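Reading the structure
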Number of protein chains: 2
Amino acid sequence: MNYILASASPRRKELLKQIGLDFAILPVCGEEHTSFTVPQEAVMDLSRQKAEEAAKQRKEKAQEEVIIGADTVVSLADMILGKPKDRQDAIRMLSALSGKSHKVFTGVTFVIFREGKKTVHSFYEETEVTMYPMSEEEINWYIGTDEPFDKAGGYGIQGRCAIFIKEIRGDYNNVVGLPVARIYQEFMKLGIDIYEKK
Amino acid sequence: MNYILASASPRRKELLKQIGLDFAILPVCGEEHTSFTVPQEAVMDLSRQKAEEAAKQRKEKAQEEVIIGADTVVSLADMILGKPKDRQDAIRMLSALSGKSHKVFTGVTFVIFREGKKTVHSFYEETEVTMYPMSEEEINWYIGTDEPFDKAGGYGIQGRCAIFIKEIRGDYNNVVGLPVARIYQEFMKLGIDIYEKK
(Lines give C-alpha, C1' and ligand atoms only; values in the text may rest on other atoms or scores of the structure.)
Protein backbone atom coordinates (compact mmCIF):
# COMPACT_ATOMS: atom_id res chain seq x y z
CA MET A 1 0.00 0.00 0.00
CA ASN A 2 1.19 3.50 -0.91
CA TYR A 3 0.47 6.26 1.62
CA ILE A 4 0.08 9.93 0.71
CA LEU A 5 -0.43 12.75 3.21
CA ALA A 6 -2.43 15.62 1.66
CA SER A 7 -1.01 18.26 4.01
CA ALA A 8 1.97 20.58 4.23
CA SER A 9 1.76 20.74 8.05
CA PRO A 10 5.15 19.90 9.59
CA ARG A 11 3.33 18.67 12.72
CA ARG A 12 1.22 16.13 10.82
CA LYS A 13 4.32 14.92 8.98
CA GLU A 14 6.16 14.56 12.30
CA LEU A 15 3.33 12.47 13.79
CA LEU A 16 3.23 10.02 10.87
CA LYS A 17 7.00 9.70 11.14
CA GLN A 18 6.67 9.07 14.90
CA ILE A 19 4.49 6.02 14.29
CA GLY A 20 6.92 4.81 11.61
CA LEU A 21 4.72 5.15 8.52
CA ASP A 22 6.51 5.29 5.17
CA PHE A 23 4.61 7.99 3.22
CA ALA A 24 4.87 10.76 0.64
CA ILE A 25 3.56 14.32 0.96
CA LEU A 26 1.26 16.02 -1.53
CA PRO A 27 0.18 19.36 -0.10
CA VAL A 28 -2.99 20.84 -1.59
CA CYS A 29 -2.98 24.54 -2.33
CA GLY A 30 -6.65 25.44 -2.74
CA GLU A 31 -8.52 27.20 0.03
CA GLU A 32 -11.24 24.82 1.15
CA HIS A 33 -14.71 26.02 2.12
CA THR A 34 -17.50 24.23 3.89
CA SER A 35 -21.17 24.99 4.41
CA PHE A 36 -21.23 23.00 7.66
CA THR A 37 -21.23 25.11 10.82
CA VAL A 38 -21.05 22.26 13.35
CA PRO A 39 -17.30 21.67 13.96
CA GLN A 40 -17.55 17.84 13.77
CA GLU A 41 -19.14 18.06 10.30
CA ALA A 42 -16.95 20.96 9.15
CA VAL A 43 -13.62 19.22 9.84
CA MET A 44 -14.75 15.97 8.18
CA ASP A 45 -15.92 17.90 5.12
CA LEU A 46 -12.70 19.93 4.88
CA SER A 47 -10.50 16.84 5.34
CA ARG A 48 -12.44 15.12 2.55
CA GLN A 49 -11.97 18.09 0.22
CA LYS A 50 -8.20 18.06 0.86
CA ALA A 51 -7.89 14.31 0.28
CA GLU A 52 -10.03 14.46 -2.89
CA GLU A 53 -8.05 17.42 -4.23
CA ALA A 54 -4.79 15.49 -3.71
CA ALA A 55 -6.34 12.40 -5.34
CA LYS A 56 -7.16 14.52 -8.40
CA GLN A 57 -3.56 15.73 -8.61
CA ARG A 58 -2.16 12.18 -8.51
CA LYS A 59 -1.84 11.38 -12.22
CA GLU A 60 -0.03 8.07 -11.87
CA LYS A 61 -1.42 6.37 -8.84
CA ALA A 62 0.03 3.24 -7.35
CA GLN A 63 -2.39 0.32 -7.71
CA GLU A 64 -2.98 0.27 -3.96
CA GLU A 65 -2.99 3.76 -2.54
CA VAL A 66 -4.43 5.71 0.40
CA ILE A 67 -4.57 9.50 0.48
CA ILE A 68 -4.95 11.00 3.95
CA GLY A 69 -6.56 14.44 4.42
CA ALA A 70 -6.98 16.19 7.77
CA ASP A 71 -8.38 19.43 9.15
CA THR A 72 -8.27 20.79 12.71
CA VAL A 73 -10.34 23.51 14.40
CA VAL A 74 -10.61 24.83 17.92
CA SER A 75 -14.08 25.37 19.31
CA LEU A 76 -14.93 27.53 22.34
CA ALA A 77 -18.59 27.71 23.32
CA ASP A 78 -20.19 28.48 19.92
CA MET A 79 -17.13 30.05 18.31
CA ILE A 80 -14.85 28.24 15.87
CA LEU A 81 -11.28 29.52 16.06
CA GLY A 82 -9.05 29.14 13.01
CA LYS A 83 -5.54 30.59 12.60
CA PRO A 84 -5.12 34.13 13.97
CA LYS A 85 -4.91 36.84 11.28
CA ASP A 86 -2.58 39.11 13.21
CA ARG A 87 -1.26 39.96 16.66
CA GLN A 88 -4.56 41.49 17.84
CA ASP A 89 -6.42 38.39 16.71
CA ALA A 90 -3.97 36.14 18.59
CA ILE A 91 -4.46 38.24 21.76
CA ARG A 92 -8.22 37.93 21.36
CA MET A 93 -8.07 34.12 20.94
CA LEU A 94 -5.62 33.46 23.79
CA SER A 95 -7.57 35.77 26.16
CA ALA A 96 -10.74 33.82 25.31
CA LEU A 97 -9.04 30.43 25.92
CA SER A 98 -7.25 31.48 29.16
CA GLY A 99 -8.44 29.64 32.28
CA LYS A 100 -11.16 27.77 30.38
CA SER A 101 -11.86 24.46 28.64
CA HIS A 102 -12.28 24.27 24.86
CA LYS A 103 -12.55 21.51 22.30
CA VAL A 104 -10.28 20.55 19.45
CA PHE A 105 -11.74 18.65 16.50
CA THR A 106 -9.67 16.97 13.81
CA GLY A 107 -11.44 15.48 10.84
CA VAL A 108 -9.66 12.80 8.82
CA THR A 109 -10.51 11.34 5.43
CA PHE A 110 -8.95 8.34 3.71
CA VAL A 111 -9.42 8.18 -0.05
CA ILE A 112 -8.58 4.53 -0.75
CA PHE A 113 -7.77 2.99 -4.14
CA ARG A 114 -7.76 -0.78 -3.76
CA GLU A 115 -8.50 -3.67 -6.12
CA GLY A 116 -9.56 -1.23 -8.83
CA LYS A 117 -12.11 0.48 -6.58
CA LYS A 118 -12.21 3.81 -4.81
CA THR A 119 -13.65 4.18 -1.30
CA VAL A 120 -13.85 7.27 0.91
CA HIS A 121 -13.79 6.97 4.70
CA SER A 122 -14.18 9.99 7.04
CA PHE A 123 -14.22 10.33 10.81
CA TYR A 124 -13.38 12.91 13.47
CA GLU A 125 -11.78 12.86 16.88
CA GLU A 126 -12.58 15.27 19.75
CA THR A 127 -10.29 16.35 22.60
CA GLU A 128 -11.09 18.71 25.48
CA VAL A 129 -8.27 21.02 26.52
CA THR A 130 -8.22 22.99 29.80
CA MET A 131 -5.81 25.91 30.09
CA TYR A 132 -4.34 27.56 33.16
CA PRO A 133 -5.25 31.25 33.46
CA MET A 134 -2.82 33.35 31.40
CA SER A 135 -1.91 36.88 32.52
CA GLU A 136 -1.63 39.72 30.00
CA GLU A 137 2.13 39.49 30.44
CA GLU A 138 2.09 35.76 29.70
CA ILE A 139 -0.07 36.23 26.58
CA ASN A 140 2.31 38.93 25.29
CA TRP A 141 5.32 36.75 26.05
CA TYR A 142 3.74 33.77 24.26
CA ILE A 143 2.84 35.80 21.17
CA GLY A 144 6.46 36.97 21.12
CA THR A 145 7.55 33.36 20.52
CA ASP A 146 5.76 33.57 17.11
CA GLU A 147 4.15 30.17 17.73
CA PRO A 148 0.49 31.32 17.48
CA PHE A 149 0.37 32.44 13.87
CA ASP A 150 0.12 29.26 11.84
CA LYS A 151 -2.02 27.34 14.34
CA ALA A 152 -5.76 26.91 14.89
CA GLY A 153 -6.77 28.68 18.11
CA GLY A 154 -3.47 30.57 18.20
CA TYR A 155 -1.46 28.01 20.16
CA GLY A 156 0.72 24.94 19.74
CA ILE A 157 0.33 22.34 22.49
CA GLN A 158 3.62 20.72 21.42
CA GLY A 159 5.58 23.99 21.76
CA ARG A 160 6.07 26.61 24.47
CA CYS A 161 2.32 26.69 25.09
CA ALA A 162 2.74 23.37 26.92
CA ILE A 163 3.28 25.39 30.11
CA PHE A 164 -0.29 26.72 29.96
CA ILE A 165 -2.05 23.36 29.38
CA LYS A 166 -3.58 22.17 32.66
CA GLU A 167 -5.15 18.97 31.35
CA ILE A 168 -6.65 17.31 28.33
CA ARG A 169 -9.36 14.69 27.93
CA GLY A 170 -8.94 12.65 24.80
CA ASP A 171 -6.10 12.13 22.35
CA TYR A 172 -3.14 14.52 22.65
CA ASN A 173 -2.02 14.00 19.05
CA ASN A 174 -5.48 15.07 17.91
CA VAL A 175 -4.67 18.51 19.36
CA VAL A 176 -1.28 18.53 17.63
CA GLY A 177 -3.18 17.94 14.36
CA LEU A 178 -3.50 14.24 13.59
CA PRO A 179 -5.14 11.53 15.74
CA VAL A 180 -2.64 8.80 14.85
CA ALA A 181 -4.10 6.22 17.27
CA ARG A 182 -7.55 6.51 15.71
CA ILE A 183 -5.98 6.49 12.22
CA TYR A 184 -4.18 3.20 12.97
CA GLN A 185 -7.34 1.69 14.50
CA GLU A 186 -9.54 2.77 11.55
CA PHE A 187 -7.02 1.36 9.07
CA MET A 188 -7.06 -1.98 10.93
CA LYS A 189 -10.89 -2.06 10.77
CA LEU A 190 -10.63 -1.49 7.01
CA GLY A 191 -8.21 -4.42 6.70
CA ILE A 192 -5.17 -2.19 6.18
CA ASP A 193 -2.26 -3.01 8.48
CA ILE A 194 0.24 -0.16 8.03
CA TYR A 195 2.99 -2.32 9.56
CA GLU A 196 2.20 -5.47 7.57
CA LYS A 197 2.72 -7.42 10.79
CA LYS A 198 1.64 -10.74 9.26
CA MET B 1 18.84 31.62 38.41
CA ASN B 2 20.79 28.53 37.47
CA TYR B 3 18.75 25.41 36.56
CA ILE B 4 20.00 21.84 36.96
CA LEU B 5 18.10 18.74 35.88
CA ALA B 6 19.02 15.74 38.07
CA SER B 7 18.12 13.15 35.43
CA ALA B 8 19.74 11.38 32.49
CA SER B 9 16.36 10.78 30.80
CA PRO B 10 16.47 12.04 27.20
CA ARG B 11 12.70 12.61 27.36
CA ARG B 12 12.90 14.92 30.39
CA LYS B 13 15.73 16.83 28.72
CA GLU B 14 13.64 17.16 25.53
CA LEU B 15 10.67 18.55 27.49
CA LEU B 16 12.71 21.23 29.25
CA LYS B 17 14.19 22.20 25.88
CA GLN B 18 10.68 22.34 24.40
CA ILE B 19 9.64 25.02 26.90
CA GLY B 20 12.86 26.91 26.24
CA LEU B 21 14.58 26.52 29.61
CA ASP B 22 18.33 27.04 29.70
CA PHE B 23 19.61 24.29 32.00
CA ALA B 24 22.45 21.88 32.76
CA ILE B 25 22.21 18.14 33.37
CA LEU B 26 23.59 16.33 36.40
CA PRO B 27 22.45 12.70 36.31
CA VAL B 28 22.50 10.86 39.60
CA CYS B 29 23.83 7.32 39.58
CA GLY B 30 22.60 5.85 42.86
CA GLU B 31 19.64 3.51 42.93
CA GLU B 32 16.97 5.23 44.99
CA HIS B 33 14.73 3.35 47.38
CA THR B 34 11.57 4.42 49.13
CA SER B 35 9.54 2.96 51.97
CA PHE B 36 6.35 4.57 50.63
CA THR B 37 4.00 2.17 48.87
CA VAL B 38 1.37 4.72 47.76
CA PRO B 39 2.48 5.89 44.29
CA GLN B 40 1.85 9.61 45.00
CA GLU B 41 4.15 9.49 48.05
CA ALA B 42 6.69 7.16 46.44
CA VAL B 43 7.34 9.38 43.39
CA MET B 44 7.67 12.53 45.52
CA ASP B 45 10.11 10.76 47.83
CA LEU B 46 12.20 9.36 44.95
CA SER B 47 12.27 12.72 43.15
CA ARG B 48 13.48 14.37 46.36
CA GLN B 49 16.25 11.78 46.79
CA LYS B 50 17.44 12.42 43.22
CA ALA B 51 17.44 16.20 43.62
CA GLU B 52 19.21 16.01 47.01
CA GLU B 53 21.82 13.60 45.65
CA ALA B 54 22.56 16.02 42.78
CA ALA B 55 22.68 18.94 45.25
CA LYS B 56 25.32 17.04 47.24
CA GLN B 57 27.41 16.52 44.10
CA ARG B 58 27.36 20.23 43.20
CA LYS B 59 30.57 21.47 44.80
CA GLU B 60 30.54 25.00 43.40
CA LYS B 61 26.96 26.07 43.32
CA ALA B 62 25.79 29.24 41.65
CA GLN B 63 24.44 31.73 44.21
CA GLU B 64 20.90 31.25 42.92
CA GLU B 65 20.30 27.69 41.86
CA VAL B 66 17.43 25.23 41.46
CA ILE B 67 17.95 21.49 41.14
CA ILE B 68 15.04 19.57 39.62
CA GLY B 69 14.50 15.89 40.41
CA ALA B 70 11.71 13.73 38.96
CA ASP B 71 10.43 10.17 39.16
CA THR B 72 7.64 8.48 37.19
CA VAL B 73 5.68 5.29 37.88
CA VAL B 74 2.74 3.57 36.24
CA SER B 75 0.00 2.28 38.51
CA LEU B 76 -2.64 -0.29 37.54
CA ALA B 77 -5.16 -1.21 40.22
CA ASP B 78 -2.83 -1.91 43.17
CA MET B 79 0.28 -2.73 41.15
CA ILE B 80 3.13 -0.30 40.56
CA LEU B 81 4.87 -0.95 37.25
CA GLY B 82 8.49 0.13 36.85
CA LYS B 83 10.74 -0.63 33.89
CA PRO B 84 10.38 -4.17 32.46
CA LYS B 85 13.28 -6.49 33.33
CA ASP B 86 13.11 -8.51 30.12
CA ARG B 87 10.90 -9.47 27.18
CA GLN B 88 8.59 -11.66 29.31
CA ASP B 89 8.13 -8.85 31.80
CA ALA B 90 7.27 -6.41 28.99
CA ILE B 91 4.67 -8.87 27.63
CA ARG B 92 3.19 -9.19 31.12
CA MET B 93 2.95 -5.40 31.58
CA LEU B 94 1.52 -4.61 28.14
CA SER B 95 -1.03 -7.46 28.44
CA ALA B 96 -2.13 -6.03 31.79
CA LEU B 97 -2.47 -2.48 30.39
CA SER B 98 -4.23 -3.52 27.13
CA GLY B 99 -7.83 -2.25 26.83
CA LYS B 100 -7.78 -0.71 30.31
CA SER B 101 -7.18 2.60 32.11
CA HIS B 102 -4.16 3.10 34.32
CA LYS B 103 -2.54 6.03 36.12
CA VAL B 104 0.82 7.66 35.65
CA PHE B 105 2.35 9.57 38.55
CA THR B 106 5.33 11.85 38.25
CA GLY B 107 6.82 13.32 41.40
CA VAL B 108 8.93 16.47 41.13
CA THR B 109 11.22 18.10 43.68
CA PHE B 110 12.91 21.50 43.46
CA VAL B 111 15.90 21.97 45.73
CA ILE B 112 16.27 25.76 45.73
CA PHE B 113 19.29 27.76 46.85
CA ARG B 114 18.31 31.42 47.04
CA GLU B 115 19.50 34.36 49.14
CA GLY B 116 21.78 32.06 51.11
CA LYS B 117 18.94 29.72 52.04
CA LYS B 118 17.94 26.25 50.92
CA THR B 119 14.31 25.26 50.42
CA VAL B 120 12.84 21.98 49.19
CA HIS B 121 9.54 21.88 47.32
CA SER B 122 7.88 18.61 46.20
CA PHE B 123 4.64 17.87 44.36
CA TYR B 124 3.19 15.22 42.06
CA GLU B 125 0.96 15.18 39.00
CA GLU B 126 -1.45 12.38 38.05
CA THR B 127 -2.67 11.43 34.56
CA GLU B 128 -5.11 8.70 33.60
CA VAL B 129 -4.28 6.82 30.39
CA THR B 130 -6.75 4.55 28.54
CA MET B 131 -5.35 2.09 26.01
CA TYR B 132 -7.03 0.41 23.07
CA PRO B 133 -7.06 -3.40 23.32
CA MET B 134 -3.77 -4.80 21.99
CA SER B 135 -3.69 -8.20 20.30
CA GLU B 136 -0.88 -10.67 21.00
CA GLU B 137 0.47 -9.84 17.55
CA GLU B 138 0.43 -6.11 18.34
CA ILE B 139 2.20 -6.64 21.68
CA ASN B 140 4.90 -8.72 19.98
CA TRP B 141 5.28 -6.13 17.22
CA TYR B 142 5.56 -3.31 19.78
CA ILE B 143 8.17 -5.15 21.86
CA GLY B 144 10.11 -5.65 18.61
CA THR B 145 10.50 -1.85 18.37
CA ASP B 146 12.65 -2.03 21.55
CA GLU B 147 10.77 0.95 23.01
CA PRO B 148 9.46 -0.79 26.18
CA PHE B 149 12.73 -1.53 27.93
CA ASP B 150 13.81 1.77 29.47
CA LYS B 151 10.31 3.00 30.29
CA ALA B 152 7.99 2.69 33.31
CA GLY B 153 5.04 0.44 32.42
CA GLY B 154 6.86 -0.81 29.32
CA TYR B 155 5.63 1.82 26.89
CA GLY B 156 6.50 5.25 25.51
CA ILE B 157 3.47 7.44 24.78
CA GLN B 158 5.65 9.71 22.64
CA GLY B 159 6.85 6.84 20.42
CA ARG B 160 5.19 4.08 18.42
CA CYS B 161 2.92 3.27 21.34
CA ALA B 162 0.95 6.42 20.42
CA ILE B 163 -1.21 4.19 18.18
CA PHE B 164 -2.51 2.28 21.21
CA ILE B 165 -3.42 5.31 23.37
CA LYS B 166 -7.17 5.89 23.21
CA GLU B 167 -7.34 8.85 25.54
CA ILE B 168 -5.73 10.53 28.49
CA ARG B 169 -7.13 12.65 31.31
CA GLY B 170 -4.58 15.06 32.68
CA ASP B 171 -1.23 16.34 31.48
CA TYR B 172 0.32 14.49 28.53
CA ASN B 173 3.87 15.56 29.37
CA ASN B 174 3.42 14.03 32.81
CA VAL B 175 3.16 10.65 31.05
CA VAL B 176 6.25 11.41 28.96
CA GLY B 177 8.07 11.98 32.27
CA LEU B 178 7.95 15.64 33.31
CA PRO B 179 4.84 17.78 33.95
CA VAL B 180 6.30 20.99 32.50
CA ALA B 181 3.06 22.99 32.85
CA ARG B 182 2.85 22.27 36.57
CA ILE B 183 6.59 22.93 36.92
CA TYR B 184 6.21 26.38 35.34
CA GLN B 185 3.14 27.15 37.48
CA GLU B 186 4.86 26.01 40.71
CA PHE B 187 7.94 28.10 39.91
CA MET B 188 5.71 31.17 39.37
CA LYS B 189 4.04 30.58 42.77
CA LEU B 190 7.51 30.48 44.33
CA GLY B 191 8.40 33.80 42.69
CA ILE B 192 10.67 32.20 40.09
CA ASP B 193 9.91 33.27 36.52
CA ILE B 194 11.97 30.98 34.29
CA TYR B 195 11.55 33.41 31.37
CA GLU B 196 12.36 36.56 33.34
CA LYS B 197 9.47 38.20 31.52
CA LYS B 198 9.70 41.43 33.55
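Up top you'll find the structure we're talking about.
Residues numbered from 1 in each chain as written. Chains lettered and ligands numbered in written order. Predicted model: local features only at pLDDT ≥ 70, side-chain atom pairs only at ≥ 80, totals over all residues. Heavy atoms only, no water.

To continue, consider the overall build of chain A. In terms of helices and strands, chain A carries 6 helices and 7 strands. For a compact globule of 198 residues, the expected C-alpha radius of gyration is about 16 Å, and chain A comes in at 17 Å, within 12% of that figure. A burial count over chain A gives 56% of its 198 residues as buried. Of the contacts formed within chain A by residues at least 6 apart in sequence, a portion of 66% connects residues at least 24 apart. With 27 positive and 30 negative side-chain charges, chain A shows a spacing of 2 Å between the two charge centroids. (Helix = DSSP H or I, 4+ residues; strand = E, 2+ residues; numbered from the N terminus. Rg over C-alpha atoms; globule rule 2.2 N^0.38 Å. Buried < 20%, exposed > 50% of the residue type's maximum accessible area, 1.4 Å probe, protein only. Contact = heavy atoms within 4.5 Å. Lys, Arg positive; Asp, Glu negative; His and termini not counted. Charge placed at Lys NZ, Arg CZ, Asp CG, Glu CD.)

Quick look at the interface of chain A and chain B now. Taken residue by residue, the interface counts 33 residues in chain A and 33 residues in chain B. Of the roughly 2,900 Å² buried between chain A and chain B on both sides combined, carbon and sulfur atoms contribute 56%. Where chain A touches chain B, the interface holds 0 salt bridges. The interface formed by chain A and chain B holds 12 residue pairs in polar contact (both at pLDDT 80 or more) in total. (Buried area = accessible area lost by both parts, 1.4 Å probe. Salt bridge = Lys/Arg side-chain N within 4 Å of Asp/Glu carboxyl O. Polar contact = N/O pair within 3.5 Å; in protein donor to acceptor, adjacent residues only side chain to side chain.)

Rotating chain A by 180 degrees about the axis while translating it 0.0 Å along that axis superimposes it on chain B, leaving an RMSD of 0.0 Å. Overall, the copies show the geometry of a two-fold rotation axis. For chain A, the minimum C-alpha distance to the rotation axis belongs to Arg169 of chain A and amounts to 2.3 Å. Most of the interface of chain A is mirrored in chain B, where 100% of its interface residues again form contacts. (Least-squares fit on C-alpha atoms with pLDDT ≥ 70 in both.)

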